[in-house]
Amino acid sequence: MYVRGTVAGEVEVRTVSTSYGESDLAEVPLRLEGEESEAEAASDQQPEYETTTVTLWNKWTESAEYVEPGMELLVTNAKEEEYQGETRYATTGDSYVVVEPTFLVNVTAIRNWVECPRLYYLNKLSGVPLNYPVVKGTLVHEVFGDLLRGRDLEESIDARVEERGLELGLLGETAEGVAEDVRENAQAIEGWLEQGRLTEDDSEATADDDSTREFSPAESSWRSEQLLISETFGIRGRADAVRRGAPVELKTGKNLKKEPRFKDKVQAACYALMLEEHGGNVDTGTLLYTKNSALDRNEETGDLTPAKDFSMGGGLLKFVVRLRNELAAMEIAGDVPTGYEGSAKCEYCFEQDTCMVVSGRLDQESKAGQIGQPIPADEREYFERFYRAIEEERREVHHEYAKLWEQDAQERADDDRALIDLEFVEKRPLEEGRWELRAKRTSGANSKIREGDFVLASDGHPVRGNSELATIERLDEEVVLTADEPVEVTRLDVYPSELTTDRLLAAMHDALLKGTERRKDVLFGRTDPEFDTVSEIFIDNNAAQNEAVTKAVGARDCALIHGPPGTGKTYTIARAIRAMVERGERVLLSAFTNRAVDNALEALLEQLENHGEIDADRVVRVGSESGVREDMQPYRLERAGDPEDRVETLQNAQVVAATTATCGSRVMKEQAFDAALVDEAAQLTEPGTCAAINLAERFVLVGDHEQLPPVVRAENDLTESLFERLVNCHPDAGVMLDRQYRMNQRIQAFASREFYDGKLRPAEPAVAARTLDDLAGVSRDALPEDLQDPVSFVDVDGDSSQYTDSEEAARIVDLIETYEAAGLERDDIGVIAPFRAQVSEISSHVPDDVTVDTVDRFQGSSQEIIIVSFTATGTLEGPIFEDYRRINVALTRPKRALVLVGDPNALATDPVYSRLLEWANA
DNA sequence: GCTCTGCTAAGAGGA
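Residues numbered from 1 in each chain as written. Chains lettered and ligands numbered in written order. Predicted model: local features only at pLDDT ≥ 70, side-chain atom pairs only at ≥ 80, totals over all residues. Heavy atoms only, no water.

As annotated in an unreviewed UniProt entry, chain A is DNA helicase from Natronorubrum sediminis. Comment text from UniProt for chain A, heading Sequence similarities (unreviewed entry), reads "Belongs to the DNA2/NAM7 helicase family." Chain A has a UniProt comment under Cofactor (unreviewed entry) that states "[4Fe-4S] cluster". (UniProt positions renumbered as here; feature names shortened; annotations may be inferred.)

What follows is the structure, encoded as structure tokens:
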């Protein structure tokens, strides 16, 4: 049986004498997971969950050492015992003990950890930089997968090398040279596979169950690159291949020993554990060392083959789970490994120097020792604070994984995390050995899944069913996917990724440990930013914009441009970049979202076109095909191609535009710039901003901290942007753009007074005076009197439900008809509501060409007329109303008319909202 | 309580 619960107290470890001799045991008080009893539900009491004791025997006491009260514990194959009238549990010989099973540990993390826990930590901090052995290793793996799927060797090599043209170019490699290297490794594999075909008894192979068989295209008993997620063991990873249910791991290094390396065995054992959970019974694993060739005949065995089979006993599997427990417990406790946890010898370690430097700089205890002076105390405090915050974000990603099995399909769909009830249409083999899968959507349900995304495609359940990582090629009434295996897909789940978390951590690490002293002095407020004198006039009709460009161009360290709604910050950025380009500088243009990057890039291209200074081919957009807007695709850097040609295109680019996440990629980390301009910087976390500015000598941040802050999952230090902190810390480095080109004066008044000290003003009289009358075919006289003013308030009592309001929705439908009758085009009308539920309520009653969305999603755009649905009756309680920046965004979207729809009694309960009411009714 | 974008995935190796 299976016991799971929360550790309810201190754990006691002791030694006892048994009939088998001395044994260790640990007694863990555990509050079992369970349902509320009827009595508890009936009474008003807090539910009291059953508390019991679980005895962990022998080596599982090691895991017990790390356990702390509050942690979750799972014991498989436990036995039930009666002890003094109480039911207790104990491990048996077949038990596994898992600490914090929802903490999903990567197989590679365990592999690093077994080598040295400190190595695991270093890897997490800074990632693996671009280097040839790693890229080659990846290529060989891809070719291996292709061979298993029946693709021709030469065709595979050519295609895979071509795909990585950019990376190879940056490494200074040629396609021919790399192809030759890959061929050498791949031939060893091919030979071995050929041998297997001759000797393998296929009838035996097919006699086993099993579902993997019928899906394997090339050879019945193989499956390549299988993604595995274990809810029991809290491990996830991707096996290179699975043969007859057993893991096969490919290593492109050399190993002439008789036995596989221990860490390789551990890696294979992780996959074996997960395969067992999925119904297999695994007792062997295979490691393929592709550099072993005939010339390197193993002296002990005379072996020629690259393959080493080894048996996987229960002892190894349990050891692996204990390793994983140690890692998980340390992460949950927030501790930093020192290296003393393991037995590795530092003098043999490749990372010894790095290890000592990092330990020295961060003043961390380390087995390897420390080199150099620690960074200042405030920087170390910053590091620890942000390390914790980023790790909290990582935990949130782990919870997303846990939801794959904790929530049922309908809940996932309601959460927009899955598309369910698909009707499988067909599977079609593609030339490269992959598969195209098609399914029909049976409902119009929405989800956050988009074209180009990675998803878990399954025939029912993303973890327990047959599932595969797939790419969405097309998503309309039909879904088209590509995947390695032909799953009969009926459901798609968002695949959570730690990628951005990893990059945030690396960006923060790089900023602190690789940043110049000067840069850090500025970031930590120890030095004021300096500026060169620039006398050129860049923009002659807007003093603040001109000053902003002057500061950006003249900055030696940084400049901060505060751009309230409609003040032309995108234009200002474009002008500043043009000025820098004219001075011969290399510039990075970045922002958090792809949309913001493309907007800024569009403005820049317009500038450059009108002034013809540089060729458009010296502007490069780095990003995925699905992320980059259609009209910016011509500028997108294709990664595939001839290495030399690819790298030239990138290196010659004078302006490179990419999201901050992409700035943290290995390719971008190889690039250096004179200046980095970051748009919408108030929506970026500090480490997120660092990913971009780390690449440049100086930086310019552009944003508005009076609009919405960064989106983070956990509540932590990441919610304040670097932009906001620096604006407060270095007011002299900042400029506020104070002339807005969007709103009628009456509309702008409240936001200006409330959020911008009254400093925001219309750029010109024509802007101040704009009304709906300016639009072709529209006459305000055709509107009822109470809607003729640019700002109006429509009083609706509301229906008192929490996240929707049908009365407001109905009134908004009427309003839209009224405006249409007065001559307005539907696509000039926008409707904003705080909650998504209200957004769908309104959308369902309104024509498609009226844009209806949440405040958050409206940020960055504008509309002729905006109708706001407050969706609150009687009171304004709720976090959504507490952040006044949200109301600022909502009120500053319209150009010519703003209509507020809501219950005045609710608005009157809050001082800011009651001033809003006063203004709207004036 | 609510809002909610990024990103090829993870794993590639050295001796």
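As a structural note, the neighbourhood of DNA strand B is formed by 55 residues, with Arg 238, Phe 454, Asn 594, Thr 659 and Val 711 the closest of them. Counting only the atoms of DNA strand B within 4 Å of the protein, the fraction contributed by sugar and phosphate is 58%. Take Thr 108: an N or O atom from its side chain is 2.9 Å from a phosphate oxygen of DNA strand B. No other element matches helix H5 (residues 132-148), which puts five residues into the surface near DNA strand B. (Near = heavy atom within 4 Å. Polar contact = N/O pair within 3.5 Å; in protein donor to acceptor, adjacent residues only side chain to side chain. Helix = DSSP H or I, 4+ residues; strand = E, 2+ residues; numbered from the N terminus.)

What follows is about the UniProt feature "domain: DNA2/NAM7 helicase helicase" (unreviewed entry) in chain A. UniProt feature "domain: DNA2/NAM7 helicase helicase" (unreviewed entry): in the numbering of this structure it lies at residues 542-639 and 647-713. The distance separating the terminal C-alpha atoms of residues 647-713 is 37 Å; by composition the span is 33% helix and 30% strand.

Scanning the model with the defined rule gives 16 aromatic pairs in all. Summarising the aromatic geometry, the rings of Phe 870 and Tyr 913 are spaced 6.4 Å apart at their centres and angled 75 degrees between planes, so their arrangement reads as edge-to-face. Placement of Phe 870 in the loop between strand E34 (863-869) and helix H31 (879-882) and of Tyr 913 in helix H34 (residues 911-921) is noted, with a sequence separation of 43 residues between them. Judged by relative accessible area, Phe 870 falls into the buried class, the value being 3%. The class for Tyr 913 is buried, based on a relative accessible area of 3%. Every member of this aromatic cluster is reached through a ring pair, and the members are Tyr 803, Phe 835, Phe 870, Phe 881, Tyr 884 and Tyr 913. The side chain of Arg 322 reaches across the aromatic face of Trp 60, ending 5.8 Å from its centre. For Lys 551, the ring lying beneath its charged end belongs to Phe 531, and the centroid distance is 5.7 Å. (Phe/Tyr/Trp six-rings, centres within 6.5 Å; stacked < 30°, edge-to-face > 60°. Buried < 20%, exposed > 50% of the residue type's maximum accessible area, 1.4 Å probe, protein only. Lys NZ or Arg CZ within 6 Å of the ring centre and 35° of its normal.)

Turning next to the packing of helix H3 (residues 107-115) against helix H4 (residues 117-126). Two quantities define a packed helix pair, namely the angle between the axes and the distance from one axis to the other. Where H3 meets H4, the axes come as close as 5 Å, and the angle between the chain directions of the two elements is 135 degrees. Put simply, H3 runs oblique to H4. Packed against H3, whose contacting residues are Ala 109, Asn 112, Trp 113 and Glu 115, the element H4 presents Pro 117, Leu 119, Tyr 120 and Asn 123 at the interface. Broken down by class, the residue content of the contact of H3 with H4 amounts to five nonpolar, two polar and one charged. (Axes fitted to C-alpha atoms, helices over the stretch in contact; angles between N-to-C directions. Parallel < 35°, antiparallel > 145°, perpendicular 65-115°, else oblique. Contact = heavy atoms within 4.5 Å. Nonpolar A, V, L, I, M, F, W, Y, C, P; charged D, E, K, R; others polar.)

Okay, the sheet that holds strand E21 (residues 491-494) next. Reading across from one edge, E15-E21-E18-E19-E20-E17-E16 is the order of the seven strands in this open sheet, with antiparallel pairing throughout. Unpaired on one side and paired on the other, strand E15 (418-419) and strand E16 (423-429) mark the two borders of the sheet. (Pairing = 2+ DSSP bridges.)

Here we take up the domain arrangement of chain A. The domains assigned to chain A are domain 1 (3-36 + 48-99), domain 2 (399-499), domain 3 (535-737) and domain 4 (745-921). Placing the centre of domain 2 and that of domain 4 at their C-alpha centroids yields a distance of 37 Å. (Domains from an automatic or database assignment.)

Topologically, Lys 265 is positioned in helix H11 (residues 262-277). The exposure class assigned to Lys 265 is buried, which follows from its relative accessible area of 16%. Ignoring sequence-local partners within four residues, the contact set of Lys 265 consists of Glu 259, Pro 260, Leu 287, Phe 310 and Leu 316.

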